Every structure is written in structure tokens, then in C-alpha cells.
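Chain residues, written in single-letter form:
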Amino acid sequence: MTGACGGIGAAVVRGLVEQGARVAALDVDGSAVRELAAAYREKGHAVDGYAVDVADRAAVETAVAEIEESGTIALAVNIAGILCPGPVLELAAEDWAAVFAVNSSGVFNVSTAVARHMTPRRAGAIVTVSSDAARLSRTGMAAYAASKSAATRFTLCLGLELAPFGIRCNVVSPGTTATAMRRQLWGGDAPEESAVAGSPESFRGGIPLGRIADPEDVADAVLFLASPRAQHITMHDLRVDGGAGLGS
């Protein structure tokens, strides 16, 4: 799984470990992911850390091959993502490219690398953590929204092509979630009340359930779609947004 050291990624690692799974944790922050893996191994859990930039296709292929040498990849979870907020007319081309390199191409790189190993076995699951921004227009988030929309549609198309091999591909689309990325967007620790209430001046609705999501809320959705309980679910976009999208 990628983005293992972020808020949602760390929650998914915990959930997988609690289920007794062996986890290959990938993150661009090499020191952090090695520390994460070491902390789990000290407690007797099988977690291996890999410093990988998902935008680097060669690095992804190398890591996947190494992981396959030590075990069979049954599940891939795409969580790695970056955010470069700002008005479209002020957005640098370099920032646009960087966001797509991680959020879209990164999903392509990881998913195709693991799928090539899964297809001969005719088994496996791929889950991509996208965003409600993939379907809801947001001011100041054009690059992020467009990249997540691409990642969502790619994963669903991949699911169609891999279905004959028994491989399920699904998406989890969180709404506002208590993560470091969200604090970056707000420019600090914004009060939960502002997200719940919404912002009419920026055309942003509120959250009907009255709270922002915890990373564990998103992780639970990922773990469900990865589990045998979801064995007949593929090409699905599971929205974990507290009703913010009004069911759209």
C-alpha cells in the first residue's frame, strides 16, 4: 500500500495489521516508513517499509518485484497523494504536473505493476483512495480535483478489464477528513464547525452528519472493499463523506 505514513494510510496499516496481514508499506518519506515498519516489527507484526515515489515508474516496478519475491501480493491500496491548492489562473504548470504525477500516474504505476502479478493467479483486489473532489467542483482545488477524477475513472476502467481474471478494483472517496493534507488546505487547525457548516461564499456545502471523518472511517471502508465480504463488489465508488455530496 502507498502513502503509508499519512493519516489515512497509517489507519489502513493498523487495520491490516489487526487482521494479521503482512503489509508492504510504501511512502516517499523513507525515514518515516522505515520507522513505521520497525515499530510494528518490534511488536511482532509483519510490516516491511519501502521508500518509493509512486510517480517514479521504475522505482514502483522494482519495489513490486521485491515484494513479490518475499510473498504474494493479494491487495494493493493506492493512498499516496499531494495537494497544490490555489486559483487556476495562478497555478504553475509545474504544480499541475506534480499533482498528476502522484495522484493519477502514481495510481496507474502501482495498479498496473501489481495487476501483472495478479492476473496469472486470477485473484486479487485493488482499492484506490480518491476524493469527493473528483465529482464536486471546488474553488482553489482544480489540479487536485482533476487528478482524483482521473484516478477514479482509471480504477473503475481497470476493474472492467480485470474482472474476467477475478480481480476486483474499487474506489473509496472521502469527504473532509482530519488529516495533515486537510490542515494544509485550511492553512492550520481550522475548527471542525466551519467544515460542517459549509461555506456559501465558496459554493461549498456542509456535512449533514455533523462531523468531519476520522482517518479510521475511511480505513474501514478500504478494509471492507478489500475483504471477502465484498467478494461480489467491483467497479464501485464508495463515498465516505457524511452526506456532503447529497448522494450525487
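Here, every reference points to the structure presented above.
Computed from a prediction, not measured in an experiment: that's the story for all the values here.

Undergrad: Give me the lowdown on the sheet that holds strand 6 (residues 237-240), citing residues and values where you can.
TA: With parallel pairing, four strands are arranged side by side in an open sheet as 3-4-5-6. Because the sheet does not close on itself, it has two edges, and the strands there are strand 3 (75-78) and strand 6. With strand direction ignored, the average angle separating the axes of adjacent strands in the sheet is 15°. As judged from the six bridges shared by strand 4 (residues 124-129) and strand 5 (residues 167-174), these two strands associate in the parallel manner. Each residue of the ladder has a partner; that of Ala 125, found in strand 5, is Arg 168. Here helix 6 (residues 142-162) sits on the sheet and contacts strand 4, strand 5 and strand 6; the angle it forms with strand 5, its principal contact strand, is near 160°.

Undergrad: Explain the layout of surface pockets residue by residue, including any values.
TA: Roughly 440 Å³ of internal volume is contained in the second largest pocket. Forming the walls of the second largest pocket are 23 residues, and the residues nearest its centre are Arg 22, Val 23, Ala 24, Ile 73 and Leu 75. Counting only elements with at least two residues in the lining of the second largest pocket, the list comes to strand 1 (23-27), strand 2 (47-51), helix 3 (57-70), strand 3 and helix 5 (105-121). Take the lining of the second largest pocket: its biggest share by element is four residues, from helix 3. Tallied by class, residues from the lining of the second largest pocket come to 17 nonpolar, four polar and two charged.

The rules we used
- Residues numbered from 1 in each chain as written.
- Predicted model: local features only at pLDDT ≥ 70, side-chain atom pairs only at ≥ 80, totals over all residues.
- Heavy atoms only, no water.
- Pairing = 2+ DSSP bridges.
- Helix = DSSP H or I, 4+ residues; strand = E, 2+ residues; numbered from the N terminus.
- Axes fitted to C-alpha atoms, helices over the stretch in contact; angles between N-to-C directions.
- Contact = heavy atoms within 4.5 Å.
- 1 Å grid on protein atoms, 1.4 Å probe; cavity = no way out; pocket = protein on both sides within 12 Å on 5 of 7 lines; lining within 4 Å.
- Points joined across faces, edges and corners; volume = space filled by probe spheres on them.
- Nonpolar A, V, L, I, M, F, W, Y, C, P; charged D, E, K, R; others polar.

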